[in-house]
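Chain by chain, the residues:
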Amino acid sequence: MATYEYDEAGVMAAYFLITFLALVLVPLTISSLTKTSEKPTEGCQCPPCVEQQKSVGKQERGSLLTPNLSKKTYFLLGGWSLFAFVCYRVSLLKVENKIYNPFEILGIKSDTTDKDIKSHFKSLSRQFHPDKVKATANLTIEAIQEHFITLTKAYKSLTDEKIKRNWIEYNNPDGPQSTSMGIALPKWIIEGKNRIWVLGAYGLVFGGALPALVGRWWFGSRQKTKDGINALSAAAFFKSIKEESSMEEVVGALGKAYKWELPVTKSKASTEMEQIEKSIKERLGSKWTEVRKLAQDYDGELHEQRRKALVLLYAHMLRLEIQDAGLRKQQKQVILQTPLLLNALLNVSISRNWLFPSLFIMRLHAYFTQALPPSASERQRFTQLPGIGQDDVKTVGPKAKDMADFLHSLEEKDDPRLKNVKKAMEKWGHVEIVCSYSFECLFMLMIDIVIGERIVTPSSIVFLLIKLRISPPGPATETKERSVDETKRIVQRTEEEDEKFLTSRLDAEELPSSATNKGAHAPFWPGVRKPSWWIVLADDKSNRVVVPPLKITDIPNSQPGSDRDYRSYKIQFQCPPNTGLFTWKVYVVSDTFVGEEPTTDIALKVEDPPTVEDQPSDDDISEPDEDTLAGQMAAMRGGPVKKIRSKDESDEESSTDDDKDSGSDSDSDSD
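Residues numbered from 1 in each chain as written. Predicted model: local features only at pLDDT ≥ 70, side-chain atom pairs only at ≥ 80, totals over all residues. Heavy atoms only, no water.

Trainee: I tried to follow the side chain of Ser409 on my own but got confused; where do I start?
Mentor: Structurally, the position occupied by Ser409 is in helix α19 (residues 403-412). Overall, Ser409 belongs to the buried group, its relative accessible area being 13%. In contact with Ser409, not counting residues within four places along its chain, are Val396 and Gly397. (Helix = DSSP H or I, 4+ residues; strand = E, 2+ residues; numbered from the N terminus. Buried < 20%, exposed > 50% of the residue type's maximum accessible area, 1.4 Å probe, protein only. Contact = heavy atoms within 4.5 Å.)

Here it is, written out as structure tokens:
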């Protein structure tokens, strides 16, 4: 029968806790230390961006007294502290040796002779015999007797053959013992007088805390969509966005989501909020009134959280300074939440194949990044450059049409801000659509079945191959002239690499690690910004998106003189089921830079598959032979088959033919 031993000293429980903590903490620590950072390795080096990066880094790190640590970091610190404390406690515990050793009990060496063992036991008997030892307050009679019995058993284990055999075989002088089960719980937990408290604790943990935790996770996950936003926000997006929505209506739809996305906080800066809203109204006028109206509920009321979020967003886009620290913190939270909400809003628009609302949503990313209002004029985008304000646009470059012209105006006037502007231009996301060396646009349409086939048939699978590179604004770099042979070699190599890329499963060509992970010029974004773009194939005449947009990153910078200084991307789609000439437009929309949106027109001609005139008709197909499988199947169906003649019949027929030939020859001779 098994006996149970409770962990009175807490040794087994401590070892169990150490093992559990190690299994949890070690993987979490390794994942935290080896986690690759998504922050760009090289950001913009203009002074505003450098200052913003320092400010963001300081906010992320916190101060020495108030460090800004994540919940995971706090959990790891607490876990390792508990691990160290338990290890320290275990090191102080005395573990009883369960291995029976009679030499150790008698206090002699293992190589002691039998004669010395007997004499040593006699001396111990005279010293520890119950009749010789007197009981005291700390030493009871039972303890004296137990100690003497232990000494006697140890002596007999070394001298008596039967007891010695029990010790060697069963590690116990009394022979085989009952199975002992260790329980890593102290005995007071199992005692009857504490059962009410133990059952109460179990009820609280498994009947209250665990169901509450699971229910919170379950109902919390049901409130979120796959895009990570509140389900009520997604419902508001579906109801608010329309096919003919303007930019203001898109902003109003975005503002509705903050009723559920922005947590309710008590703010003492209501006066400053009113002043900021007043400044926004003075600068935007009817545009601000329209946005407020579009963000209202169906009862005509503007929720306080929506109003606060819209005020903070427009204060950011109008570059209004906020004094209250609490409002600045809320503004940062609202701004950093916009990409998630805009992506969810974009998915709603794309699900309905609406082009113009989708473009407005994509462009709104860049307006928030560069802190420009959506109603900004074409020339106001020059204020994205460091140190350039609205007044400078009129005085420095009154006739500038693009960034290159504005940079040229600064160079002509020897403006002191030219150095910082050039630093920003180095990280500027001016995307260029690359053309081939034969000056044919590199938007290639190829059939999936036969790569390189130029005839596109209805409902065939088509690849749109797009080649892009970043060319910072500035004077064009002259390229060296190549010989005819070198040009042919480059064209042949390009065609081979294009075909290899089209037959692969990648959406974008692979790039070396040195060409990726670059930071963008974004001095007003409260975080580190990595630029990305959308490739949109659309029919702007019908306001429809032909293919869902492809989100891309890591477009390489141009390298004059290089054979392949671009990156290829491909979009796979099914062409229309009807024939005709389809004229579409490709948009490359930036989520970081305002006004950087190259487009190009493409045409797709869908034709019927060519007919083959030399195909044999059903009448020209010969009958199957009788001895073939096809012939046997035809004979079973009652169809015609070609009979196989025997050898004799064929010989007779051939001889008859010979006689006819000889007869004809003789007739000719007689003539």
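Trainee: Can you help me understand helix α20 (residues 418-426) in this one?
Mentor: Here α20 has its buried residues at Leu418, Val421, Ala424 and Met425. Looking straight down α20, one finds that the buried residues subtend no more than 120° of arc, so they occupy a single side. Opposite the buried face of α20, at more than 90 degrees from it, the exposed residues are Lys419 and Glu426. Summarising the contacts, the buried residues of α20 are in contact with α19. (Arc of directions from axis to C-beta.)

Trainee: What is the right way to read the sheet that holds strand β10 (residues 599-606) from this model?
Mentor: Across a sheet, strands are paired by hydrogen bonds formed along the backbone, either parallel or antiparallel in direction. A sheet is described by the order of its strands in space; here four strands give the open sequence β7-β6-β9-β10, paired in antiparallel fashion. Here the strands that pair on one side only, and so sit at the sheet edges, are β7 (544-553) and β10. Averaged over all pairs of adjacent strands, the angle between strand axes in this sheet comes to 20°, irrespective of strand direction. As paired strands, strand β6 (residues 532-539) and strand β9 (residues 580-590) are joined by six bridges and run antiparallel to one another. Across the sheet, residue Trp534 finds its bridge partner in β9, namely Val589. Contacts from helix α17 (residues 355-370) reach β6, β7 and β9 within the one sheet, and its direction differs from that of β9 by about 20°. (Pairing = 2+ DSSP bridges. Axes fitted to C-alpha atoms, helices over the stretch in contact; angles between N-to-C directions.)

Trainee: How should the packing of helix α13 (residues 270-284) against helix α14 (residues 286-294) be read in this particular structure?
Mentor: For the pair α13 and α14, the least separation of the axes is 6 Å and the interaxial angle reads 120°. Between α13 and α14, the crossing angle belongs to the class labelled oblique. Of α14, the residues touching α13 (which contributes Glu277, Ile280, Lys281 and Leu284) are Ser286, Lys287, Trp288, Thr289 and Arg292. Each residue belonging to the contact of α13 with α14 can be placed in one class, and the counts come to three nonpolar, two polar and four charged. (Parallel < 35°, antiparallel > 145°, perpendicular 65-115°, else oblique. Nonpolar A, V, L, I, M, F, W, Y, C, P; charged D, E, K, R; others polar.)

Trainee: Help me out: how do you make sense of a nonpolar patch on the surface in this one?
Mentor: There is a patch of nonpolar side chains on the surface, built from Tyr202, Leu204, Val205, Phe206, Leu210, Val214, Trp217, Trp218 and Phe219 and spanning about 1000 Å² of accessible area. Tracing the backbone through its elements, the reader meets Leu204 in helix α9 (residues 195-222). By relative accessible area, which is 64% here, Leu204 ends up exposed. (Patch = residues over 30% accessible without salt bridge, like charges linked within 9 Å, V, L, I, M, F, W, Y side chains within 5 Å. Areas by Shrake-Rupley, 256 points an atom, 1.4 Å probe, with all protein chains shown as cover. Salt bridge = Lys/Arg side-chain N within 4 Å of Asp/Glu carboxyl O.)

Trainee: Explain the confidence of the model for the protein chain here, please?
Mentor: Detailed reading of the predicted model is not advised wherever pLDDT is low. The pLDDT averaged across the protein chain works out to 79; a share of 77% of its residues lies at or above 70. No element of the protein chain has a lower mean pLDDT than strand β4 (residues 444-447), which averages 37, and none a higher one than α17, which averages 95. Here residues 436-453 is modelled with pLDDT under 50, and outside its nearest four sequence neighbours on either side it reaches 51 contacts, counting other chains as well. Counting contacts from residues 662-671, a segment whose pLDDT is below 50, to residues more than four positions away or on other chains yields zero contacts. (pLDDT = per-residue confidence, 0-100.)

Trainee: Explanation requested: the packing of aromatic side chains in the structure shown.
Mentor: For any pair of aromatic rings, the description consists of the separation of the ring centres together with the inter-plane angle of the planes. Within this structure, the stated rule accounts for eight aromatic pairs. Relative to Phe593, the ring of Trp428 lies with its centre 4.8 Å away and its plane at 45°, an arrangement referred to as tilted. With Trp428 in the loop between α20 and β3 (431-433) and Phe593 in the loop between β9 and β10, this pair connects stretches of sequence that are 165 residues apart. With centroids separated by 6.0 Å and ring planes inclined at 65°, the aromatic side chains of Phe573 and Trp584 adopt a geometry described as edge-to-face. Separated by eleven residues along the polypeptide, Phe573 in strand β8 (residues 567-574) and Trp584 in strand β9 bring together distant segments of the chain. In terms of burial, Phe573 and Trp584 fall into one category: buried. (Phe/Tyr/Trp six-rings, centres within 6.5 Å; stacked < 30°, edge-to-face > 60°.)

Trainee: Would you mind showing me how to read empty space enclosed by the protein here?
Mentor: It is the rolling of a water-molecule-sized probe over the atoms that shows where space remains empty. What the rule picks out here adds up to two cavities of 30 Å³ or more. Around the largest cavity sit Met247, Glu248, Val251, Leu284, Lys287, Val291, Tyr314, Pro373, Pro374 and Ser375, which together line it. Of all the secondary-structure elements, those providing two or more residues to the lining of the largest cavity are α11 (247-256) and α14. Looking at which element gives the most residues to the lining of the largest cavity, the answer is α11, with three residues. Its residues assigned to classes, the lining of the largest cavity comprises seven nonpolar, one polar and two charged. The volume enclosed by the second largest cavity comes to roughly 40 Å³. Around the second largest cavity, the lining residues are Ile490, Arg493, Thr494, Glu497, Asp563 and Arg564. (1 Å grid on protein atoms, 1.4 Å probe; cavity = no way out; pocket = protein on both sides within 12 Å on 5 of 7 lines; lining within 4 Å. Points joined across faces, edges and corners; volume = space filled by probe spheres on them.)

Trainee: Before we go on, may I ask you to explain the pairing of β10 in this structure?
Mentor: Successive side chains on a regular strand alternate, one facing one side of the sheet and the next facing the other. With burial as the criterion, only one face of β10 is covered, namely that bearing Thr600, Ile602, Leu604 and Val606; the residues Thr599, Asp601, Ala603 and Lys605 on the opposite face remain uncovered. Alignment of β9 against β10, held across eight bridges, turns out to be antiparallel. Looking at the pairing, Trp584 lines up with Ile602 of β10.

Trainee: Can you help me understand α17 in this one?
Mentor: Each α-helix winds once per 3.6 residues, and so residues spaced three or four apart point in a common direction. Between its first and last C-alpha, α17 extends 23 Å over 16 residues, near the 22 Å set by a 1.5 Å rise per residue. With 13 of 16 residues buried, α17 lies mostly within the body of the structure. Remark: Ala371 follows α17 within two positions and exhibits a positive phi of approximately 55°. (Expected span 1.5 Å × (residues − 1).)

Trainee: Can you walk me through the pattern of salt bridges in this structure?
Mentor: Proximity of charged atoms lets side chains of opposite charge pair with each other. Throughout the structure, instances matching the rule amount to 21 salt bridges. Where Lys422 meets Glu411, a salt bridge forms, and the shortest distance between an N and an O atom there is 3.7 Å. Here Glu411 lies in helix α19 and Lys422 lies in helix α20, a separation of eleven residues in the sequence. On the basis of relative accessible area, Lys422 is assigned to the partly exposed category, the value being 38%. Taken together, the shared-partner salt bridges in this structure form one network comprising Glu277, Arg292, Glu304 and Arg307.

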